[in-house]
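Commentary on secondary and tertiary structure
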Amino acid sequence: PFSRASVYRAIPPNAVFVGEHEKVAARWDAIAKNPLTQCLLSSCGMDAQEVKKAIGDPETARNIRRYAARDTVVAYVPSLGHSGQPAWVLASWAGGQGQVLRLGLSCGGLSGFKKLMREDGRPVWCTATTRDRSGLMMSIVAVQGVLVGCLSLDPFAARDIADRVERHAPIGPELQERL
C-alpha cells in the first residue's frame, strides 16, 4: 500500500533544498517542456542537448509513468552517507513497479546500469553520466515500494538512502508536518 512516510523517510534531515511533486507522470509533458526543468538538469552537469533529448525520449516518459505516478520528492543534500559527498536525492513512490524494476535490474534488463555490491553485500545500480567530465554518477535502488536515486560522485549513494527507508529512519521535521 502507498506510504508517503516511506517516501519522506528517504530524505536525510540535513537536506537544504526539498521539493515535493505530486503526480509527476500526469504532468510530465508540461514539466519536460518547462525551461526551468532543462536549466536544473543542465546545472547538474548534463549537456543541454542531451537533456533535451532525454526529456523528449518516449522511454523516459514511459519510465516516469511507471515509477513516478504518485508522490516524488527531490532534495539537495550537502553531505550524504558514508562518503560525505554532496548529492541530489530523488525518492518516488513506485509501488509494485519497484519490484519489477528491481527484477529488471537484477537480470541486466535495463541498459546503461551496472550492478555494484557494497561491502555488506547489498546491491546498488549505477551509471556514469557521460554528459560531462564531472564524474557524477546516477545510482538507483528500489526498496519497499520506493524508487530512490542519487546523482553524486559516490556510486553507492542510493544505497545510503535506501537504508534510511528500510531502517524506518526518522523523518525530518519539515516533512513530518506534511504527513
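Anything mentioned here points back to the structure above.
These remarks concern the structure in this document. Remember, it's a predicted structure, so these values are computed and weren't measured experimentally.

**What about the overall build of the protein chain?**
The helix and strand tally for the protein chain stands at eight helices and seven strands. In the protein chain, which comprises 179 residues, the proportion classed as buried is 42%. Looking at the protein chain alone, contacts between residues at least 24 apart form 55% of all its contacts between residues at least 6 apart. Carbon together with sulfur atoms contributes 56% to the accessible area of the protein chain, which is approximately 9,500 Å² in total.

**Looking at the packing of aromatic side chains**
According to the stated counting rule, one finds three aromatic pairs in the structure shown. On the basis of an interplanar angle of 90° and a centroid distance of 5.4 Å, the ring pair of Phe-2 and Trp-93 is categorised as edge-to-face. Of this pair, Phe-2 sits in the segment before helix H1 (4-9) while Trp-93 is found in strand E3 (residues 85-93), placing the two residues 91 residues apart along the sequence. Three or more aromatic residues link up through ring pairs in this structure, and these residues are Phe-17, Tyr-76 and Trp-88.

**Overview of the pairing of strand E6 (residues 137-143)**
One face of the sheet, then the other: side chains in a regular strand alternate in exactly this way. For E6, the buried fraction is high: six of the seven residues fall into the buried class. Both E6 and strand E7 (residues 146-152) contribute to a ladder of seven bridges, which runs antiparallel. Counted as the bridge partner of Met-138 is Leu-151 from E7. The loop that links E6 with its antiparallel partner E7 comprises two residues; one of these, Gln-144, has a positive phi angle of about 50°.

Rules used throughout
Residues numbered from 1 in each chain as written. Predicted model: local features only at pLDDT ≥ 70, side-chain atom pairs only at ≥ 80, totals over all residues. Heavy atoms only, no water. Helix = DSSP H or I, 4+ residues; strand = E, 2+ residues; numbered from the N terminus. Buried < 20%, exposed > 50% of the residue type's maximum accessible area, 1.4 Å probe, protein only. Contact = heavy atoms within 4.5 Å. Areas by Shrake-Rupley, 256 points an atom, 1.4 Å probe, with all protein chains shown as cover. Phe/Tyr/Trp six-rings, centres within 6.5 Å; stacked < 30°, edge-to-face > 60°. Pairing = 2+ DSSP bridges.

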